[in-house]
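Structural characterization, general
Residue-level listing of the chains:
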Amino acid sequence: MIERILSGRPPEPRLPRGTVDTQMHMYLPGFPSLPGGPGLPVEPLPDAGAYRQVMDWLGIDRVIITQGNAHQKDNANTLACLAEMGAAARGVVVIDETTSDAEMRGLCEAGAVGARVMDLPGGAVRLDALEAVDARALAADWMIAVQFDGNGLLDHLPRLERIRSRWVFDHHGKFLGGVDPDGPEIAALLKLIDRGNVWFKFAGVYESSRDAWPYADVAAVSRRIAAHAPERIVWGSNWPHNMIRKTEDYPDDARLAELVLGWLADERSRHLALVENPERLFKLPAFVAA
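For clarity, every value in this text was computed on a predicted model and none was experimentally measured. (Residues numbered from 1 in each chain as written. Predicted model: local features only at pLDDT ≥ 70, side-chain atom pairs only at ≥ 80, totals over all residues. Heavy atoms only, no water.)

Counting its secondary structure elements, the protein contains nine helices and eight strands. Once the C-alpha set of the protein is aligned to its principal axes, its extents read approximately 45 × 45 × 40 Å. Every one of the 290 residues in the protein was classed for burial, and the buried ones make up 57%. Look at the contacts in the protein between residues 6 or more apart in sequence, and 77% of them connect residues 24 or more apart. Accessible surface computed for the protein: about 11900 Å², of which carbon and sulfur atoms make up 52%. Separation of charge centres in the protein, based on 31 positive and 40 negative side chains, amounts to 3 Å. (Helix = DSSP H or I, 4+ residues; strand = E, 2+ residues; numbered from the N terminus. Buried < 20%, exposed > 50% of the residue type's maximum accessible area, 1.4 Å probe, protein only. Contact = heavy atoms within 4.5 Å. Areas by Shrake-Rupley, 256 points an atom, 1.4 Å probe, with all protein chains shown as cover. Lys, Arg positive; Asp, Glu negative; His and termini not counted. Charge placed at Lys NZ, Arg CZ, Asp CG, Glu CD.)

Dropping the structure here:
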């Protein structure tokens, strides 16, 4: 069991109306984990009711539900979550070269707007499927969320340059071995971003930082990228923080959001990252307050 923080003092400054949480996972009863994945998160199940409390607390209006690795290539849980969350939610699911046109149509109708590629332990679809996923995503006008150890970016660069879909480099680039903000990897990443179809996601900083709070190593890289291209940054809560296994280690989402969003230069950059940039990346309609 784990006690997740679901309420408290909201972030300061407050998140703007229309804020999109572009990276989180949700789990409903009746969808067991599958072989190859990491298993379901620590109980209690982080479901729609719990996440709605987080939305109210933080000031989130819209959400992108990302397929969790526990369910591998079975999108049924994610689709059920999209139905549960309604118009506020869209989904990033798992597809590959075997996904039929009929399946793609069904996923679109259910609210899927993107595909996930994760080349790390537990990932259901790896980089070896990148070109096939790109072809399907391009045809559907989807984006791709790409995650791998960023220290291998230069090795993968030719393939990344050939991606035709809109795509986001996940989790602060996931530079697991650390990286110099002025080094060749970041220089190459900035050139990728300048191509016009690449975004960079602020989410899950603790997963790759080699420093304790306030994660100075990832902060330096993220500030560098945000200063270069504030129109290409998106943010995600990474709720329910599946890598955190003990209550005493569980983050306060409001304080984590304050920290990470503080790496953006000003209020305009925050609005871009939280509202306008995700609207472009995920092809969301412009937000209209109720």
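Moving on, we come to empty space enclosed by the protein. Applying the stated criterion across every chain yields a total of four cavities of 30 Å³ or more. Within this model, the largest cavity holds a volume of roughly 80 Å³. Space inside the second largest cavity adds up to approximately 70 Å³. Here the lining of the second largest cavity gets four residues from one element, more than from any other, and that element is helix α8 (residues 253–261). Considering only residue class, the lining of the second largest cavity consists of seven nonpolar, four polar and one charged. (1 Å grid on protein atoms, 1.4 Å probe; cavity = no way out; pocket = protein on both sides within 12 Å on 5 of 7 lines; lining within 4 Å. Points joined across faces, edges and corners; volume = space filled by probe spheres on them. Nonpolar A, V, L, I, M, F, W, Y, C, P; charged D, E, K, R; others polar.)

Take the sheet that holds strand β5 (residues 143–147) next. Strand pairing in a sheet takes place through backbone hydrogen bonds and is either antiparallel or parallel in direction. Reading across from one edge, β1-β2-β3-β4-β5-β6-β7-β8 is the order of the eight strands in this open sheet, with parallel pairing throughout. In the strand order of this sheet, the two ends are held by β1 (20–24) and β8 (233–235), each with one partner. On average, each strand axis in the sheet is tilted by 25 degrees relative to the strand beside it, whichever way the strands run. Taken together, the four bridges between β5 and strand β6 (residues 166–169) define a ladder with parallel strand orientation. Following the sheet pairing, V146 is matched in β6 by F169. Across the sheet, helix α9 (residues 267–282) lies against β1, β2 (62–66), β3 (89–93), β4 (112–118), β5, β6, β7 (198–202) and β8, angled at about 105 degrees from β8, the strand it touches most. (Pairing = 2+ DSSP bridges. Axes fitted to C-alpha atoms, helices over the stretch in contact; angles between N-to-C directions.)

Below, the discussion takes up the environment of A50. Mapped onto the fold, A50 is located in helix α1 (residues 48–58). In this structure the C-alpha to C-alpha distance between A50 and M26, which are 24 residues apart in sequence, comes to 9.2 Å. Residues in contact with A50, not counting those within four places in the same chain, are L6 and W239.

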